Amino acid sequence: MAPNTTVANHVTTSYTNTTAQPESWIDSILNRIPLPRWAIYTLAGVALFLILLIIICICCCCCRRKKKLSKKEKIGLGKLPGGITTSPVQPDVEGLQKAEKDQYRGSVQYSLEYNFQKEELTFAVKQASNLKAMDLGGTSDPYATVHTTNAPQKIYETKVHRKTLNPVFNQSFIFKVTQKEKSEISVVVLMYDFNKLLKDSVIGEMCINLADVDLNHVIEDWKDLGPRGKIEHERLGEICFSLRYVPSSGKLTVIILEAKNLKRMDADGLSDPYVKVHLALNKKKWKRKKTSVKKNTIKPYFNEAFTFDVSFEQIQNIDMIISVWDHNKAGMNKQIGKVFLGYHASGNALRHWSDMLAHPRRPMAQWHNLQSAEEVNTAVNLINNVKPPLLRSLKGH
């Protein structure tokens, strides 16, 4: 019996060794981890979920950044393949505001009181708060000057306060302002830092337009200081006109509707306004037309239409200059203010031009503030003394 038992055991051992499978590298790794298989699988699933979540977050951030960049792209009419813009284009207002906004310079408390019988304006500089530090010690020696736009040569000055960013002035100044001109006048306050050896430095500037306040009551308020030269001292008025463009026929129609609050150019406090419409092609003067003259008014109503032949290729290189003039029989006509529109414009003017292109065959009307001739001429930068051939044939316009 013993020999048979030995043979049986030998056969069983041989069978077992023959059927056993080698252990895989994954199983060998898993066997070394002192955790049950279900726990290992759970941890692996959580890790994969976290990795997937991180990838999704990265993709979302990239898409959001790309969307922001696309919003800040400028309008490019020249890149359009023979068509018109599909929607009104507004320039990068956020970028413009950021460029315009300078560092904080402080604020000023002031008061306004108008005497209708004496036609006198009393303006008081009360105090200032959180002024910009101009000295190395982190303080300033502030004082303020005050003048009105109708008499810029008459300047009042406060006392100098030493080493402070929160001076208290409590000084009042009286200006002669007639009732006729009070709605066209602004009070300008300049805050300076006094310097014994060098020229006094400007901390900031603020402007209060009398047309924007109710002079029937005493006004007391705070206003932030802005950078010098960024404030419009003189209000030239506003003009409303309509633009319409038909790409198929190449017709550009400009309707001069009305104007208001124009600068008074005559001795009687009124003006004799009329409007000129100029087209410049590739920065060269091209076509022009003008309205009739409206006598003795600063709120003229025109409602006069002008049509120009402008192809779609040309309109992408057009600058339109609309200027308001005061007619003078005895002497030269005087310019009141200007507005220019077109591909090279910005802000409200570019928005109006883009709306016209985005809505072909539809009149688009809008109000615009008049700017000084110097501002517009600098922005447009026309090429002088060079006339394109079409202008020579259109001298009669």
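What counts, and at which threshold
- Residues numbered from 1 in each chain as written.
- Predicted model: local features only at pLDDT ≥ 70, side-chain atom pairs only at ≥ 80, totals over all residues.
- Heavy atoms only, no water.
- Helix = DSSP H or I, 4+ residues; strand = E, 2+ residues; numbered from the N terminus.
- Buried < 20%, exposed > 50% of the residue type's maximum accessible area, 1.4 Å probe, protein only.
- Contact = heavy atoms within 4.5 Å.
- Areas by Shrake-Rupley, 256 points an atom, 1.4 Å probe, with all protein chains shown as cover.
- Lys, Arg positive; Asp, Glu negative; His and termini not counted.
- Salt bridge = Lys/Arg side-chain N within 4 Å of Asp/Glu carboxyl O.
- Arc of directions from axis to C-beta.
- Pairing = 2+ DSSP bridges.
- Axes fitted to C-alpha atoms, helices over the stretch in contact; angles between N-to-C directions.

Trainee: What should I look at first to understand the overall build of the protein chain in this one?
Mentor: Looking only at helices and strands, the protein chain has 8 helices and 16 strands in total. Of all 397 residues assigned to the protein chain, the portion counted as buried reaches 37%. For the protein chain, the proportion of contacts with a sequence separation of at least 24, taken over those separated by at least 6, is 66%. Here the protein chain has roughly 24200 Å² of accessible surface; of this, 55% comes from carbon and sulfur atoms.

Trainee: So what exactly am I meant to see when it comes to the side chain of Lys-276 here?
Mentor: If you trace the backbone, Lys-276 turns up in strand 11 (residues 273–281). Of the side chains with opposite charge, Asp-326 lies nearest to the buried Lys-276, which makes no salt bridge, at 13 Å. In this structure, Lys-276 is in contact with Lys-289, Lys-290, Ile-321, Ile-322, Ser-323 and Trp-325, ignoring residues within four places of it in sequence.

Trainee: I'm lost on helix 7 (residues 373–380) in this one. Help?
Mentor: Along an α-helix, residues three or four positions apart point the same way, because every turn accommodates 3.6 residues. Residues of helix 7 that are buried include every one of Ala-373, Val-376 and Val-380, and no others. Axial view of helix 7: buried residues confined to an arc of 70°, hence all on one face. Of the exposed residues in helix 7, those oriented more than 90 degrees away from the buried face are Glu-374 and Thr-378. Buried residues belonging to helix 7 abut strand 14 (318–326) and strand 15 (334–342).

Trainee: Would you mind showing me how to read the sheet that holds strand 14 here?
Mentor: Sheet strands associate in pairs through backbone hydrogen bonding, adopting either a parallel or an antiparallel arrangement. One open sheet holds the 4 strands; their spatial order is 12-11-14-15, and the pairing between them is antiparallel. Because the sheet does not close on itself, it has two edges, and the strands there are strand 12 (284–290) and strand 15. Adjacent strand axes in the sheet meet at a mean angle of 25° when their direction is disregarded. As paired elements, strand 14 and strand 15 share 8 bridges and run antiparallel to each other. Within strand 15, the residue paired with Ser-323 across the bridge is Lys-338. Against the sheet, helix 6 (residues 347–358) engages strand 14 and strand 15, with an angle of about 55° to strand 15.

Trainee: What should I look at first to understand the environment of Ser-201 in this one?
Mentor: In this fold, Ser-201 is placed in strand 7 (residues 201–209). The spatial distance from the C-alpha of Ser-201 to the C-alpha of Ser-140 is 9.9 Å, given a sequence separation of 61 residues. Apart from the residues within four sequence positions on either side, Ser-201 is in contact with Met-134, Met-191, Tyr-192 and Asp-193.

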